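A closer look at the structure
Below are the chains, spelled out letter by letter.
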Amino acid sequence: MGKLKSSISLAFFFFIPPSFVVRPSSSLSFFHSSFSTIATRIKTLCENSVAVKGNGKKYGCFDNVDDALASFNRMVQTYPRPSIVEFTKLLRVIVKMKHYALIVSLCNQMELSGVPHDVYSLNILINCFCRLGQVDFGFSILGKMLKLGIYPNVVTLNTLTHGLCAQGNVAHAVCLFDEMIGKGYQPNLITYSTILSGLCKMGNSKKAVRLLRTMEEKGFRLDNVAYNTVIDSLCKDRLLMEALDLFFEMKGKSIPPSIVTYSCLIHAMCTSGQLGEATRFLNEIVATNIALNVVTYGILVDALCKEGMISEAEDIVSIMIKQGIEPNIFTYNSLIDGYCLQSQTLEARGVFELMISKGCAPDNFSYNIMINGYCKTKRLDEAMKLFHEMLQKGLIPDTVTYNTLIQGMCQLGRLYSGKEILRKMCASGQVPDFMTYSILLNGFCRYGEIKDAMKLFKEMKNSGLEPDIVHYNILIDGMFRIGQIKVAMELFHRLSAKGLDPTVYTYTIMIQGFCKEGLPDEAYQLFRIMEDNDCLPNSCCYNVMIQGFLQNFYISQATQLLREMVREGFSADACTATLFVDLLYSGGKDQSCFEIFH
């Protein structure tokens, strides 16, 4: 036994951070120095601690933390003092109240009053430090335990392991776990489950599977929680087949899958595009009379709607209702969005009204979906009615709401209506974002209102938002639209001074602009400069350059560049192909390029 304790001691010391290794000192001086180090932090934590007074819940024989604290004060003042066992019982009650910072302070008072700690009270203290996000202080208490000859138990290990995992330091927790096993320590199911969960949160699902096998070999009886943890991780890593293998394995072992199991697998099938398989899987589950919940059904309904399979989604909702499960707001929103994606706003509005009649109040997301649907189908008046309805019902339109309405106005050329919505947006306290300015800038430039675009551009900078490459691209394109080549070039050359790198789209705009102005040589020069600036042309850029050559009767150059484009793995788009066909019918001499189209 002594040998095992010595091994444990070495193992724990191996993982105590160097800055927290405790120098030889008395128990009392250690706690004095430890607590003084974090005194100010504890004070803040105590002030922010969650109060439980008056919540109606009873903790043991105490109604609230004040009663527990009063009992502690009486115990400290009693002579002879109660044993550490009695103090530990009280500390456990306060831990249940989640007053972790208070526990730290009380442990300090116990030490000052001469109450000796044992492994149980120190475990509570370590747990509180971990709950407060101060795992390093937990390790420092562990170090002192060993110095005092108080040997840690499995609870100590579990507490520190859980604390490290909660902080996201899973690698350290795994190292601690491995070292403990190497030194002869025997972790329990809680230890293994904590590490398993940590590995899955880290995305290391393959190592989690191996640990699951180790748990089996150690004789631990696995439950659906352990399997669900790993299945969920495998699904998130898009390892659906491996997840299904575990699913069938647990069924073979008579471990009943839970709703969580089914939800994870159905979600994974949906995200991998296997909607048919997901639907069949759900129908099989229903046929076996397994009770699913609204979340599981909702996952499949949402995926089907996003893929435009509204009829199939409605069928799932029907099955759901037959099972006695009423759709929730997530289900209704998915259906509304599905119909709007298909431009079926009448059907979407029907679902919208149905959810209201069922007592399910639409939220901001519901309204945003409907408003977006109306804007895309150019029914701006209906969209504005819903906007005012939101306000009447006490809902606060967000940035998405305003951006959607501004986009709708700009698409119909109602630029100043869009600007008015921006004014209302600012007046309501909503802050315009990059997308807001992008939408309006694009609207003004598209309709040739460059002065208003430049004014808005300045407003954006004055608001504290620094324009990015997207906004410069919009302005450069706008300048070319009205023939302001010099201004477009100035904006382009200003990019480097602003710390912005031109994108392939930026170069494409410039190339197209030069070609339209009858400057194919300048366009081609820029086309070649792209590669020197580590910005390789894409299919669109090649096609624009080739079209520019053809429109300016640079037939030989267009043919040569077409061959290059094909060698790079790109193909001619409809516009490029049409221009070449027109050239053929007009009697073009060099017809060798047409072999490429075959």
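The following paragraphs examine the structure supplied in this document. Owing to the predicted nature of the structure, the values given are computational and were not obtained by experimental measurement.

Should their charged atoms come close, side chains of opposite charge can pair. Tallying each qualifying case throughout the model produces 16 salt bridges. For the salt bridge of Glu216 with Arg213, the shortest nitrogen-to-oxygen distance reads 3.1 Å. You can see Glu216 and its partner Arg213 sitting in helix H12 (residues 205-217), 3 residues apart, about one turn around the helix. You can call Glu216 partly exposed: its relative accessible area is 27%. Assessed through its relative accessible area of 28%, Arg213 is described here as partly exposed. As a salt-bridge pair, Asp232 and Lys236 come within 3.2 Å of each other at their nearest N and O atoms. Here Asp232 pairs with Lys236, and both are found in helix H13 (residues 224-236), just 4 residues apart, close to one helical turn. A relative accessible area of 24% means that Asp232 is categorised as partly exposed. Through salt bridges with shared partners, a single ionic network connects Arg213, Glu216, Glu249 and Lys253.

Between Tyr79 and Pro80 the backbone carries a cis peptide bond, its omega angle lying at -10 degrees. Following the sequence through the fold, Pro80 ends up in the loop between helix H4 (65-77) and helix H5 (84-96). A positive phi angle, close to 60 degrees, is found at Arg238, a residue other than glycine. Here Arg238 shows up in the loop between H13 and helix H14 (240-252). Note on Arg238: relative accessible area 63%, which makes it exposed.

Taken as a whole, the largest pocket encloses approximately 240 Å³ of empty space. Along the walls of the largest pocket sit 13 residues, with Asn127, Arg131, Asn158, Thr159 and His162 positioned nearest its centre. Elements with a contribution of two residues or more to the lining of the largest pocket: helix H7 (119-131), helix H9 (154-166) and helix H11 (189-202). The element that contributes the greatest number of residues to the lining of the largest pocket is H9, accounting for 7 residues. Broken down by class, the residue content of the lining of the largest pocket amounts to 5 nonpolar, 7 polar and 1 charged.

Attention now goes to the nonpolar core. By size, the foremost hydrophobic cluster in this structure holds 181 residues, and its most contacted members are Ile231, Leu265, Ile266, Ile336 and Ile511. Beyond its immediate chain neighbours, meaning those up to four positions away, Ile336 contacts Ala348, Val351, Phe352, Met355, Ile369 and Met370.

Reading the values: the criteria
Residues numbered from 1 in each chain as written. Predicted model: local features only at pLDDT ≥ 70, side-chain atom pairs only at ≥ 80, totals over all residues. Heavy atoms only, no water. Salt bridge = Lys/Arg side-chain N within 4 Å of Asp/Glu carboxyl O. Helix = DSSP H or I, 4+ residues; strand = E, 2+ residues; numbered from the N terminus. Buried < 20%, exposed > 50% of the residue type's maximum accessible area, 1.4 Å probe, protein only. 1 Å grid on protein atoms, 1.4 Å probe; cavity = no way out; pocket = protein on both sides within 12 Å on 5 of 7 lines; lining within 4 Å. Points joined across faces, edges and corners; volume = space filled by probe spheres on them. Nonpolar A, V, L, I, M, F, W, Y, C, P; charged D, E, K, R; others polar. Core = buried A, V, L, I, M, F, W, Y, C linked by side-chain atoms within 4.5 Å. Contact = heavy atoms within 4.5 Å.

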